[in-house]
Amino acid sequence: MARLLLLFLPGLVAVCAVHGIFMDRLASRKLCADDECVYTISLARAQEDYSAPDCRFINVKKGQWIYVYSKLVKENEAGEFWAGSVYGDQPEDEMGTVGYFPSNLVQEQHVYQEATKEVPTTDIDFFCE
């Protein structure tokens, strides 16, 4: 399914065709290290395997390193999910793919910056190509 994505930058409007789907939001707020959620919060190590149930999530193998970029604020009975990307040496590690995973799956090994900025999630946080 192709959708149009409008990008508004000062003095510039860009329209591009995007192939994908907007999935349901897992949360309405997230915790980040900065207002734009661009800085890495921590480096975590997977304690067990995890198979992604849909395109919003990433597959993780026990022992893999994951860079954590944001932490969804838990709502109601929803699970607690973090967003990150797998770091690995093998092509099948899906290195660089960003997605969600259960927070209880990992153990943080190194905290770079505390996740103290609470910001709203957006549709693009749950977009799947």
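Residues numbered from 1 in each chain as written. Predicted model: local features only at pLDDT ≥ 70, side-chain atom pairs only at ≥ 80, totals over all residues. Heavy atoms only, no water.

Another point: the pairing of strand 4 (residues 29–32). Of the two faces of strand 4, the one holding Lys30 and Cys32 is buried and the one holding Arg29 and Leu31 is not buried anywhere. In the sheet, strand 4 pairs with strand 10 (residues 117–120) via 4 bridges, with the strands oriented antiparallel. Counterpart to leucine 31 in the pairing with strand 10 is glutamate 118. Of the strand pairs in this sheet, strand 4 and strand 6 (residues 65–72) are connected by 2 bridges, and their pairing is antiparallel. Across the sheet, lysine 30 pairs through a bridge with leucine 72, a residue of strand 6. (Buried < 20%, exposed > 50% of the residue type's maximum accessible area, 1.4 Å probe, protein only. Helix = DSSP H or I, 4+ residues; strand = E, 2+ residues; numbered from the N terminus. Pairing = 2+ DSSP bridges.)

In terms of nonpolar packing, the biggest core is built from 23 residues, with Val60, Ile66, Leu72, Tyr100, Phe101 and Val106 touching the most fellow members. When contributions to this core are tallied by element, the ones reaching two or more residues are strand 5 (42–46), strand 6, strand 7 (81–87) and strand 8 (98–102). In terms of residue count, the dominant contributor to this core is strand 7 (4 residues). With residues near it in sequence (within four places) discarded, valine 106 still touches Ala44, Arg45, Ala46, Gln47, Ile66, Trp82 and Phe101. (Core = buried A, V, L, I, M, F, W, Y, C linked by side-chain atoms within 4.5 Å. Contact = heavy atoms within 4.5 Å.)

So, about the packing of aromatic side chains. Going through the model one piece at a time under the given rule, you end up with 5 aromatic pairs. Here the aromatic rings of tryptophan 82 and phenylalanine 101 are separated by 6.4 Å at their centres, their planes lie at 80 degrees, and the arrangement is edge-to-face. With tryptophan 82 in strand 7 and phenylalanine 101 in strand 8, this residue pair connects regions lying 19 residues apart in the sequence. Of the two residues, tryptophan 82 and phenylalanine 101, neither departs from the other in class, the shared state being buried. Aromatic rings pair up to connect Tyr50, Phe57 and Phe81 into one cluster. (Phe/Tyr/Trp six-rings, centres within 6.5 Å; stacked < 30°, edge-to-face > 60°.)

The final tally for this structure, using the stated rule, is 2 disulfides. Residue pairing for cysteine 32: its cysteine sulfur links by disulfide to cysteine 37, the two sulfurs lying 1.7 Å apart. Measuring the twist about the S-S bond at about 75 degrees, one finds the cysteine 32-cysteine 37 disulfide to be right-handed. We note that cysteine 32, like cysteine 37, is buried. Here cysteine 55 engages in a disulfide with cysteine 128; their sulfurs sit 2.1 Å apart. A torsion of 95 degrees about the S-S bond marks the disulfide between cysteine 55 and cysteine 128 as right-handed. Of this pair, cysteine 55 sits in the loop between strand 5 and strand 6 while cysteine 128 sits in strand 11 (residues 127–128), and the two are 73 residues apart along the sequence. (Disulfide = S-S within 2.5 Å.)

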